[in-house]
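Structure assessment
Spelled out from the first residue to the last, the chains are:
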Amino acid sequence: MGVSDIVPAGVLTGDNVRKLFEYAKENNFAIPAINVTSSSTANAVLEAARDIKSPIILQVSQGGSAYFVGKGVANDKQQASIAGAIAAAHHIRIAAKAYGVPVVLHSDHCAHKLLPWFDGMLEADEAYFKQHGEPLFSSHMLDLSEEPKEENIATCVKYFKRMAPLGLWLEMEIGITGGEEDGVDNTGVDNAALYTQPEDVYDVHAALSAISPNFSIAAAFGNVHGVYKPGNVRLQPALLGKHQTYTSEKLGGKKEKPLFLVFHGGSGSTKEEIATAVSHGVVKMNVDTDTQFAYLTGIRDFILNKKDYLLQQVGNPEGADKPNKKYYDPRVWVREGEKTLVERAKEACKDLGNVGASLILHTFAFTV
């Protein structure tokens, strides 16, 4: 039995999202969540998942959503980010069925100042639910980690009460992910804030589990967005095991790993750090910086290798009258970026043990 026996192909919602994450946790693997900013990047990630017969998470950030609809659209009231997220969701829903793999369609970090974007997506979920009996997205993330803990949890509870009846999964963050992403700059935060305490994680679980079991927690363990030189970032994934143990004991020890945990700032992490995190119940790991660079490399290398064919429409080393359309056609050089992104997405899946999970029982075992 594999994932395909548990959840259908296409965008998952409601209990199917939880079933997928439960299967991942039980079988000791996690699913990469790859940020997409265009139909091209979305299609490449879906292609990778199809090729290795595995589920995948596609997510849009606030800035990535705005880019999806076009930089020419004003965003002073988050209108571009709302429209772009909705456009991305509809594209991914259609494409996911064509590629034939289970997909979790997710929106990434939403800080307090970006709540109008969140509200717009939630309104689209509600409208879609009225027509189709399920939300447009699979899940959304609230990142209120910069706010006091009590305010963070209270706001998550308020939104989750609205989300749960629609079958939406909630991801929340407690503790801060360092670095900078989409205009949220945490490069100067106190280092202690990068490590969440087990008591805080339990407080989140207690508040949200009273509403629905369909939520996950991004607990900080030294995570930083971006890629840095080895030694500059001190990840402590073993802390995630303490969160599981503490919550398990508070719940009477019925489940060894009661929490669905998320790994943020995953780009540049060692395979050992990833393996330790997954062994402690991480079911989702964000990957963005590495896949951005991968997309560039295919385009960059094509431009550099074919430079003499791209300087003008007619005329190249093969002759002054030779046309160059087959080189400058965007379908040619954009495809080169897709190819390298496909391979990097496959690598992310392999690092997390998420290979062939749609067909057979997952037997991948990490050595920690």
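To be clear, the structure that these remarks concern was listed above.
As a starting point, this report considers the structure included with it. The shown structure was predicted, so the numbers you read here are calculated from the model rather than taken from an experiment. (Residues numbered from 1 in each chain as written. Predicted model: local features only at pLDDT ≥ 70, side-chain atom pairs only at ≥ 80, totals over all residues. Heavy atoms only, no water.)

**Describing the overall build of the protein chain**
For the record, the criterion: Where helices and strands are cited, they refer to DSSP runs of H or I of at least four residues and of E of at least two residues respectively, numbered from the N terminus. Whether two residues are in contact is decided by their heavy atoms, any of which lying within 4.5 Å being enough. In this description, accessible areas are obtained by the Shrake-Rupley approach with a 1.4 Å probe, and a residue is regarded as covered only by the protein chains that are shown.
Assigned secondary structure in the protein chain consists of twelve helices and 13 strands. Nonlocal contacts in the protein chain, meaning residues at least 24 apart in sequence, comprise 70% of its contacts between residues at least 6 apart. Here the protein chain displays about 15900 Å² of accessible surface, and carbon together with sulfur accounts for 53% of that area.

**With respect to the nonpolar core**
Just so we agree on the cut-off: Buried Ala, Val, Leu, Ile, Met, Phe, Trp, Tyr and Cys residues form a nonpolar core when they are joined through side-chain atoms within 4.5 Å. Exposed residues in this analysis have more than 50% of their type's maximum accessible area, buried residues have under 20%, and partly exposed residues fall in between, with area computed by a 1.4 Å probe over protein chains only.
Formed by 78 residues in total, the largest nonpolar core has its most connected members in Ile-56, Leu-58, Val-103, Phe-137, Leu-208 and Ile-217. Apart from residues lying up to four places away in sequence, Phe-137 is in contact with Thr-13, Val-60, Ala-85, Ile-86, Ala-89, Leu-105, Met-121, Asp-125 and Leu-168. Val-3, Phe-21, Phe-29 and Phe-260 belong to the second largest nonpolar core, which has 16 residues in total.

**Focus: the side chain of Gln-59**
Short version of the rule: Whenever a nitrogen or oxygen atom comes within 3.5 Å of another N or O atom, the pair is scored as a polar contact, on the condition that within protein one atom can donate a hydrogen and the other can accept it, and that pairs from neighbouring residues in sequence are kept only if both atoms are in side chains.
For Gln-59, the position within the fold is in strand E3 (residues 56–60). Side chain to side chain, Gln-59 and Asn-35 meet in a polar contact 2.8 Å long. Apart from the residues lying within four places of it in its own chain, the contact partners of Gln-59 are Ala-33, Ile-34, Asn-35, Val-36, His-106, Asp-108, Lys-284 and Asn-286.

**Looking at the packing of aromatic side chains**
For the record, the criterion: To pair, rings of Phe, Tyr and Trp, with the six-membered ring standing in for Trp, must have centres within 6.5 Å; the planes then decide the type, stacked if under 30 degrees apart, edge-to-face if over 60, and tilted in the middle. Whether a charge sits over a ring comes down to the Lys NZ or Arg CZ being within 6 Å of the ring centre and within 35 degrees of the ring normal.
Under the counting rule described, the total for this entry stands at eight aromatic pairs. Between the aromatic rings of Tyr-202 and Tyr-246, the centroid separation amounts to 6.2 Å while the plane-to-plane angle is 75°, which identifies the pairing as edge-to-face. Taken together, the residues Tyr-202 in helix H7 (residues 198–209) and Tyr-246 in helix H8 (residues 238–250) connect sequence positions 44 residues apart. A relative accessible area of 18% means that Tyr-202 is categorised as buried. Among the aromatic residues, those joined into a ring-pair cluster are Phe-21, Trp-169 and Phe-260. Taking NZ or CZ as reference, Lys-25 lies 4.0 Å from the ring centre of Phe-260, over its face.

**Let's talk about the pattern of salt bridges**
Note the following rule: Take a side-chain nitrogen of Lys or Arg and a carboxyl oxygen of Asp or Glu: if they are within 4 Å of each other, that pair is a salt bridge.
For the coordinates displayed, the defined rule picks out 20 salt bridges. When the shortest N-O distance is used, the salt bridge between Lys-271 and Asp-351 registers 2.6 Å. With Lys-271 in helix H9 (residues 271–279) and Asp-351 in helix H12 (residues 330–351), this residue pair connects regions lying 80 residues apart in the sequence. Arg-331 is paired through a salt bridge with Asp-329; the nearest N and O atoms lie 2.7 Å apart. Judged by relative accessible area, which is 66%, Arg-331 ranks as exposed. By sharing partners, the salt bridges in this structure join Arg-50, Asp-51, Glu-343 and Lys-346 into a single network.

**Considerations on the packing of helix H5 (residues 115–132) against helix H6 (residues 149–163)**
As a reminder, the rule being used: The convention used is that axes are lines fitted to C-alpha atoms, helices contributing only their stretch in contact, and that angles between N-to-C directions extend from 0 to 180 degrees. Oblique is the label for any angle not covered by the other classes, which are roughly parallel (under 35 degrees), roughly antiparallel (over 145) and roughly perpendicular (65 to 115). By convention the crossing between two helices is left-handed if the near helix lies anticlockwise of the far one by an angle smaller than a right angle, and right-handed if it lies clockwise.
Where H5 meets H6, the axes come as close as 11 Å, and the angle between the chain directions of the two elements is 15°. By the angle between their axes, H5 is roughly parallel relative to H6. Where H5 crosses over H6, the handedness of that crossing is left-handed. Along its contact with H5, which presents Leu-115, Phe-118, Asp-119, Leu-122, Glu-123 and Glu-126, the element H6 presents Tyr-159, Arg-162 and Met-163.

**Considerations on unusual backbone geometry**
Positive phi, normally seen in glycine, also occurs at Lys-53, with a value near 55°. Relative to the helices and strands, Lys-53 resides in the loop between helix H2 (39–51) and E3. The exposure class of Lys-53 is partly exposed, given its relative accessible area of 41%. We note that Gln-78 has phi near 65°; this positive angle belongs to a residue other than glycine. Among the secondary structure elements, Gln-78 is positioned in the loop between helix H3 (62–69) and helix H4 (79–99). Look at Gln-78 and you get buried, because its relative accessible area is 11%.

**Considering the layout of surface pockets**
In plain terms, the rule: In this analysis, the protein atoms alone were mapped onto a 1 Å grid. Cavities are point sets where a 1.4 Å probe fits without being able to get out; pockets are open sets with protein on both sides within 12 Å along at least five of seven lines; lining residues have an atom within 4 Å of a point. Grid points are joined across faces, edges and corners, and a volume is the space filled by probe spheres set on the points. Note on residue classes: Ala, Val, Leu, Ile, Met, Phe, Trp, Tyr, Cys and Pro are nonpolar, Asp, Glu, Lys and Arg are charged, and everything else, Gly too, is polar.
Looking at the largest pocket, its volume works out to about 380 Å³. Put simply, the parts of the chain that give the lining of the largest pocket at least two residues each are helix H1 (15–26), H7 and strand E9 (215–219). Take the lining of the largest pocket: its biggest share by element is four residues, from H1. For the lining of the largest pocket, a count of residues per class yields seven nonpolar, five polar and eight charged.

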